[in-house]
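Observations on the model geometry
Chain residues, written in single-letter form:
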Amino acid sequence: MTKGSCLCGAIEYHVSGPMRPVIACHCNQCRKSSGHHVAATSAKRELISIKGNVTWYQSSDTARRGFCGVCGSQLFWDGPGSHMSIFAGTLDEPTGLKLSGHIFCADKGDYYDIEDGLPKADQDHPDMTTQVAP
Ligand SMILES: [Zn+2]
Ligand SMILES: [Zn+2]
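Okay, so let's go over this structure. The numbering scheme is per chain: residues are counted from 1 as the chain's sequence reads. Chain A is the first chain written and ligand 1 is the first ligand written, with later ones labelled in order. pLDDT decides what is reported in this predicted model: residues at 70 or higher carry local features, side-chain atom pairs at 80 or more are listed and counted, and totals for whole chains, interfaces and linings draw on all residues regardless. Hydrogens are left out, water is left out, and the side-chain values use all remaining heavy atoms of the structure.

Structural notes on the overall build of the protein
Helix and strand definitions here come from DSSP, where helices need a minimum of 4 consecutive H or I residues and strands a minimum of 2 consecutive E residues; each element is numbered from the N-terminal end. The secondary structure content of the protein amounts to two helices and ten strands. When its helices and strands are written in sequence order, the protein yields β-β-β-α-β-β-β-β-β-β-β-α. For a compact globule the rule gives 2.2 Å times the number of residues to the power 0.38, and the radius of gyration it is set against comes from C-alpha atoms. Radius of gyration (C-alpha) of the protein: 14 Å, near the 14 Å computed for a compact globule of 134 residues. Per-residue accessibility, obtained with a 1.4 Å probe over protein chains only, is compared with the maximum for each type, and a residue is labelled buried under 20%, exposed over 50%, and partly exposed between these values. With 134 residues in all, the protein has 38% of them scored as buried. Contact criterion: two residues are considered in contact whenever any of their non-hydrogen atoms come within 4.5 Å of each other. Here the analysis covers contacts within the protein between residues at least 6 apart in sequence; of these, 57% occur between residues at least 24 apart. Note on areas: these come from Shrake-Rupley sampling with a 1.4 Å probe, and a residue is covered only by the protein chains present in the view. Here the protein displays about 7,500 Å² of accessible surface, and carbon together with sulfur accounts for 50% of that area. Neither His nor the chain termini are counted; the positive set is Lys and Arg, and the negative set is Asp and Glu. Here the site of a charge means NZ on Lys, CZ on Arg, CG on Asp, or CD on Glu. Charge centroids of the protein, computed over 12 positive and 14 negative side chains, lie 5 Å from each other.

Overview of the coordination of the zinc ion (ligand 1)
Only nitrogen, oxygen and sulfur atoms count as donors, using a 2.8 Å cut-off from the metal that widens to 3.2 Å for Na, K and Ca. Water is left out, so coordination shells may look unfilled. Protein coordination at the zinc ion (ligand 1) comes from Cys6 (SG), Cys8 (SG), Cys68 (SG) and Cys71 (SG), with a distance range of 2.3 to 2.4 Å. With four donor atoms in place around the zinc ion (ligand 1) and angles of 106 to 113 degrees between them, the coordination shape is tetrahedral. All donors to the zinc ion (ligand 1) come from one chain, and their sequence spacing reads C-x1-C-x59-C-x2-C. Note that Cys8 is positioned in the loop between β1 (2–5) and β2 (12–15) and Cys71 in the loop between β7 (64–68) and β8 (74–78), a separation of 63 residues in sequence. Given a relative accessible area of 26%, Cys71 falls into the partly exposed group. Only four donors with every angle between 85 and 135 degrees are called tetrahedral; only four or six donors with opposite donors over 155 degrees apart and all others between 65 and 115 are called square planar or octahedral, in that order; all others are irregular.

Here's the deal with the sheet that holds strand β5 (residues 48–51)
Any two strands between which DSSP finds at least two bridges are classified as paired. Sheet architecture is open: three strands sit in the order β1-β2-β5, paired in antiparallel fashion. Of all the strands in the sheet, just β1 and β5 have a single pairing partner and so form its edges. On average, each strand axis in the sheet is inclined to that of its neighbour by 20 degrees, with strand direction left out of account. In the sheet, β1 pairs with β2 via four bridges, with the strands oriented antiparallel. Within β2, the position partnered with Lys3 by the bridge is His14. Axis lines are fitted through C-alpha atoms, for helices just across the contact stretch, and the angle between N-to-C directions can take any value from 0 to 180 degrees.

Below, the structure written as structure tokens:
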């Protein structure tokens, strides 16, 4: 059972199942909303139980972003499909997870480079974003 929370603790969540390796997303929406790029794992939606009031921002026609209205922590990206993304920095440690790749690298900020040797995709990459931890 993995736990996580926002910065102020008003929102807590539990994940009662496997989580995907962490993928960094460098798209414009992730950068604007987080202040840098985002790093997220994901889990089946029904395995995530949330306590507290998540504020949802509809960031596109197909996805919304969940954050704490008190402290502003961004916790979730909820899009199409059976899984919901969980921003890895909000997980309590040990997470047991590893950063394993980068997506939307074509949209990355001009003030940093991605040079950790992990796989990079210019846009979304289903092989990376749909894999699930064993
Ligand atoms: Zn909070
Ligand atoms: Zn993104």
